[in-house]
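Fold and geometry: a report
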Amino acid sequence: MHAGFHAGPAACAVAPVVVAALAHIGPAATWLPELRRRRFPGLAGQGRPGHIALTFDDGPDPASTPHFLDVLDALGVRATFFVLGENVVRHPETALELARRGHELGVHGWSHDRPWLPSPARDARELPRAVHAVGEVAGRRPRWYRPPYGILTSGRWAAARRAGVRPVLWTAWGKDWRRDATPASVRATVAADLRGGGTILLHDTDHVSAPGSWRAALGALPGIVRDCREAGWAVGPLGEHGVIGAAERCGGESRLGRERGERAGRG
């Protein structure tokens, strides 16, 4: 007798949950650096070949961010700071100083939460809240959104579209959050992946990193800028970077869909 497979009640109950979880986390595959560089250059922050976008995550932090501002002033460089809404509210003077010194503020979410469980209601509630908080201190509505951990779930994609901010990740990072990071290791790690038109990710705080790790990024910063300039690349914020597709507003067709269409048209 041939016995067919019959899913039991427990399996039937679990199946929708699994499908929902996959739909939630599936877009996060764009976190993979090589995938997004090749397939979604706009999301990766690819811009003009002669320019490098310098970005920082997780602040503002009054214990560390001012040190970065002083070094950037000395280097004559402006950058984009992806700040957390809760940190902007907690440290408004530091956030205001970022804007006062001419830096661009982007949104890093309200808090540095982990996105593994679907929570579209939370995403829809907290991202506009963060956008409002950042806009208040910057004096203008923020343009860019980088989710914590660089993980773009379906809920975060939808929330970004509704909030009118464009997701952008990075092409090179310094792994400066690690306990064993040093200025030399951060500089070398950035250099290994950096090409003209790229976007650098560093951290101006140890808010969710190893204690004191921000000092490695700070120490690496002059060398990173010098390396870029010696390669003939200007260094500045995302607003001056010419990010692919950045002239388009969030909303309507998804950015990933547009980029697929653009590639097909060139095909």
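For the structure given in this document, a descriptive report is provided here. (Residues numbered from 1 in each chain as written. Predicted model: local features only at pLDDT ≥ 70, side-chain atom pairs only at ≥ 80, totals over all residues. Heavy atoms only, no water.)

Moving on to helix α7 (residues 120-138). The periodicity of an α-helix, 3.6 residues per turn, causes residues three or four places apart in sequence to face the same way. For α7, spanning 19 residues, the distance from its first C-alpha to its last is 27 Å, which sits close to the expected 27 Å at 1.5 Å a residue. Buried residues along α7 sit in contact with β2 (80-83), α5 (85-90), α6 (92-100), β3 (104-107), β4 (144-145) and α8 (154-163). Taken from the residues just after α7, G139 is the one with a positive phi, measuring 80 degrees. (Helix = DSSP H or I, 4+ residues; strand = E, 2+ residues; numbered from the N terminus. Expected span 1.5 Å × (residues − 1). Contact = heavy atoms within 4.5 Å.)

Right, let's get into unusual backbone geometry. In this structure, P60 follows G59 across a cis peptide bond, with omega equal to -5 degrees. On the secondary structure map, P60 appears in the loop between β1 (51-57) and α4 (65-75). For Y149, which is not glycine, the phi dihedral falls at a positive 65 degrees. Along the polypeptide, Y149 turns up in the loop between β4 and α8. Taking the relative accessible area as the measure of exposure, Y149 reaches 29% and is therefore partly exposed. Of note, the phi angle at K175 is positive, near 50 degrees, even though the residue is not glycine. Assignment of secondary structure puts K175 in the loop between β6 (172-173) and α9 (183-193). Classification of K175 as partly exposed rests on a relative accessible area of 33%. (Buried < 20%, exposed > 50% of the residue type's maximum accessible area, 1.4 Å probe, protein only.)

Taken as a whole, this structure holds eleven salt bridges when the rule is applied. Of the charged contacts in the structure, one is a salt bridge between D180 and R178, with a shortest N-O distance of 3.0 Å. Linking R187 and D227 is a salt bridge whose minimum nitrogen-to-oxygen distance equals 2.7 Å. Taken together, the residues R187 in helix α9 and D227 in helix α10 (residues 214-230) connect sequence positions 40 residues apart. On the basis of relative accessible area, R187 is assigned to the partly exposed category, the value being 29%. (Salt bridge = Lys/Arg side-chain N within 4 Å of Asp/Glu carboxyl O.)

A few words now on the environment of L221. Take L221: it is sitting in helix α10. When neighbours within four sequence positions are excluded, L221 is seen to be in contact with L54, F56, F68, V71, L72, L75 and L202.

Further remarks concern the side chain of R101. Take R101: it is sitting in the loop between α6 and β3. Assessed through its relative accessible area of 17%, R101 is described here as buried. A polar contact is formed between the side chain of R101 and the backbone oxygen of L69, at a distance of 3.5 Å. (Polar contact = N/O pair within 3.5 Å; in protein donor to acceptor, adjacent residues only side chain to side chain.)

Residues L54, F56, L127, I200, L202 and L221 are the most contacted members of the largest nonpolar core, which totals 53 residues. Take this core: its biggest share by element is nine residues, from α10. Look past the residues within four positions of I200 in its chain and what remains in contact with it is I52, A53, L54, T55, A172, V190, L194, I224 and C228. Formed by seven residues, the second largest nonpolar core is a distinct cluster that contains F82, V168, V243 and A246. (Core = buried A, V, L, I, M, F, W, Y, C linked by side-chain atoms within 4.5 Å.)

What follows concerns the packing of aromatic side chains. By the definition in use, this model includes five aromatic pairs. Aromatic pair F56 and F68: ring centres 5.4 Å apart, planes at 65 degrees, arrangement edge-to-face. Remark: F68 occurs in helix α4 and F56 occurs in strand β1; sequence separation between them is twelve residues. For the pair formed by F56 and F68, the shared burial category is buried. Look at F68 and W214: their rings are 6.3 Å apart centre to centre, the planes differ by 55 degrees, and that puts the pair in the tilted class. With a gap of 146 residues between them, F68 in helix α4 and W214 in helix α10 connect regions that are remote in the sequence. Neither F68 nor W214 differs from the other in exposure class; each is buried. Every member of this aromatic cluster is reached through a ring pair, and the members are F56, F68, F81 and W214. Of note, R129 hangs over the ring of W110, and the distance from its end group to the ring centre comes to 3.7 Å. (Phe/Tyr/Trp six-rings, centres within 6.5 Å; stacked < 30°, edge-to-face > 60°. Lys NZ or Arg CZ within 6 Å of the ring centre and 35° of its normal.)

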